[in-house]
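This is what each chain is made of:
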Amino acid sequence: MYTTLLQYFSSIHSLTVCYNTVCVCVCVCVCVCVCACVCVCAGEFQCGFEDEAVCLFSQDKTDEFDWTRHSAATRDTKYTPNTGPSADHTGSKQGFYMYIETSRPRLEGDKARLLTPTFNVGSKSSYGTVTANPTYCFAFYYHMYGKHIGALNVFLRQKGQTVTDTPAWSLTGNQGDRWRQAKVNIHPTTTFQMVIEGVRGAGIEGDIAIDDVTIEEGNVKTPRPTVSSSTSVYQTLLAPGGNMRLVSRRYL
Ligand SMILES: [Ca+2]
Ligand SMILES: [Ca+2]
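Right, let's walk through the structure included here.

The rules behind each value
- Residues numbered from 1 in each chain as written.
- Chains lettered and ligands numbered in written order.
- Predicted model: local features only at pLDDT ≥ 70, side-chain atom pairs only at ≥ 80, totals over all residues.
- Heavy atoms only, no water.
- Helix = DSSP H or I, 4+ residues; strand = E, 2+ residues; numbered from the N terminus.
- Buried < 20%, exposed > 50% of the residue type's maximum accessible area, 1.4 Å probe, protein only.
- Areas by Shrake-Rupley, 256 points an atom, 1.4 Å probe, with all protein chains shown as cover.
- Patch = residues over 30% accessible without salt bridge, like charges linked within 9 Å, V, L, I, M, F, W, Y side chains within 5 Å.
- Salt bridge = Lys/Arg side-chain N within 4 Å of Asp/Glu carboxyl O.
- Donors = N, O, S within 2.8 Å, 3.2 Å for Na, K, Ca; no water.
- Tetrahedral: all angles 85-135°; square planar, octahedral: opposite > 155°, others 65-115°.
- Phe/Tyr/Trp six-rings, centres within 6.5 Å; stacked < 30°, edge-to-face > 60°.
- Lys NZ or Arg CZ within 6 Å of the ring centre and 35° of its normal.
- Disulfide = S-S within 2.5 Å.

**Considerations on the overall build of the chain**
Helix and strand content of the chain: one helix and 15 strands. Taking all 252 residues of the chain together, 48% fall into the buried category. Counting every atom, the chain has about 12,200 Å² of accessible surface; 53% of that belongs to carbon and sulfur.

Pasting the structure below:
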């Protein structure tokens with residue numbers, strides 16, 4: 001209920017805040033709902049899924065199932081002990097992450113897509129100068145453990161006059177029982193979201209989890225991680241640049 005109200009509230013109010021701001025809203029409902037929001041500049045977008053509102057991430061409704069917010073081990077540990085994380089990325093069993101539960105009734109190929117908030121790309125003055133064609137580093141931690149792991153795909157969804165999804169990153173297959181970080185440069189030229197898609201593999205030992213998602217201005221700062229070519233693909237998005245300028249970045 002709380003999350004639904006929060007998303008409803010945010011959808012009808014343009015939260016006039018910069019991209020670097022994280023807002024937390026509280027709604028009280030007695031016949032009618034009254035909401036209040038507090039916004040704090042955080043320096044970058046960061047989400048560890050610790051709050052029930054999950055930083056205004058949303059579930060795609062056009063796919064087969066949803067991502068689940070969870071802590072400690074994934075739900076069906078009793079029956080499927082060999083898949084999913086046992087704690088969130090920080091190692092805390094009280095910490096939360098998002099994952100796809102691949103037990104019944106899920107079928108091979110079923111997809112669940114998780115959407116970041118929508119960000120504006122504008123132009124930004126900084127001490128009289130203008131930042132043009134900024135690059136953003138989109139980073140997150142993933143956990144892909146189990147013999148039936150399917151795929152984890154990331155798309156840049158640009159929401160101009162038409163909506164276009166561009167592949168930004170993809171990985172398939174068992175990566176072992178550990179959290180690893182993925183980083184990718186993105187070059188949005190208009191309002192955008194990131195789409196995180198989990199695909200169910202051939203069996204029930206296929207839980208895929210993510211945690212600590214960040215978007216910050218600038219290029220990826222560390223070398224691209226090396227991944228096994230036999231089971232995985234790592235792809236850097238090279239979207240065409242534009243004359244994009246950044247002034248205000250905000251949730252819509
Ligand atoms: Ca977390
Ligand atoms: Ca869904």
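That covers the picture; the talk isn't over yet.
**Some details on a nonpolar patch on the surface**
The grouping of Val26, Val28 and Val30 at the surface amounts to a nonpolar patch, some 280 Å² of accessible area in total. As for its position among the elements, valine 28 is in strand S1 (residues 21–30). Judged by its relative accessible area of 52%, valine 28 is exposed.

**Points about the coordination of the calcium ion (ligand 2)**
Around the calcium ion (ligand 2), the protein contributes the donor atoms Asp60 (O), Asp63 (OD), Asp63 (OD), Phe65 (O) and Asp66 (OD), at 2.3 to 2.8 Å from the metal centre. Written as a sequence motif, the donor residues of the calcium ion (ligand 2) are D-x2-D-x1-F-D.

**Points about the coordination of the calcium ion (ligand 1)**
Bound to the calcium ion (ligand 1) are the protein donor atoms Gly48 (O), Glu50 (OE), Asp88 (OD), Phe96 (O), Asp211 (OD) and Asp211 (OD), situated 2.3 to 2.6 Å from the metal. Of note is the calcium ion (ligand 1), whose six donor atoms meet at the metal with angles of 49 to 165° in an arrangement that counts as irregular. The sequence pattern describing where the donors of the calcium ion (ligand 1) fall on their chain is G-x1-E-x37-D-x7-F-x114-D. Residue glycine 48 is located in the loop between strand S3 (45–47) and strand S4 (58–59), and its partner aspartate 211 is located in strand S15 (residues 208–217); the two are separated by 163 residues in the primary sequence.

**Comments concerning the packing of aromatic side chains**
Counting across every chain of the model gives 11 aromatic pairs. Seen in terms of ring centroids, tyrosine 142 and tryptophan 169 are 5.3 Å apart; in terms of plane orientation they differ by 50°. Their pairing is tilted. Here the residue tyrosine 142 occupies a position in strand S10 (residues 136–144), and tryptophan 169 occupies one in strand S12 (residues 163–172), the gap between them amounting to 27 residues. Exposure remark for tyrosine 142: the relative accessible area of 2% places this residue in the buried category. Counting every residue linked through ring pairs, the aromatic cluster contains Phe45, Phe49, Phe57, Phe119, Tyr136 and Phe192. One cation-aromatic arrangement involves arginine 69 over phenylalanine 96; the distance from NZ or CZ to the ring centre is 3.7 Å.

**Structural notes on the state of the cysteines**
Per the stated rule, a full pass over the model turns up three disulfides. At a sulfur-sulfur separation of 2.2 Å, the disulfide partner of cysteine 27 is cysteine 35. Given an S-S torsion of about 105°, the disulfide between cysteine 27 and cysteine 35 has right-handed geometry.

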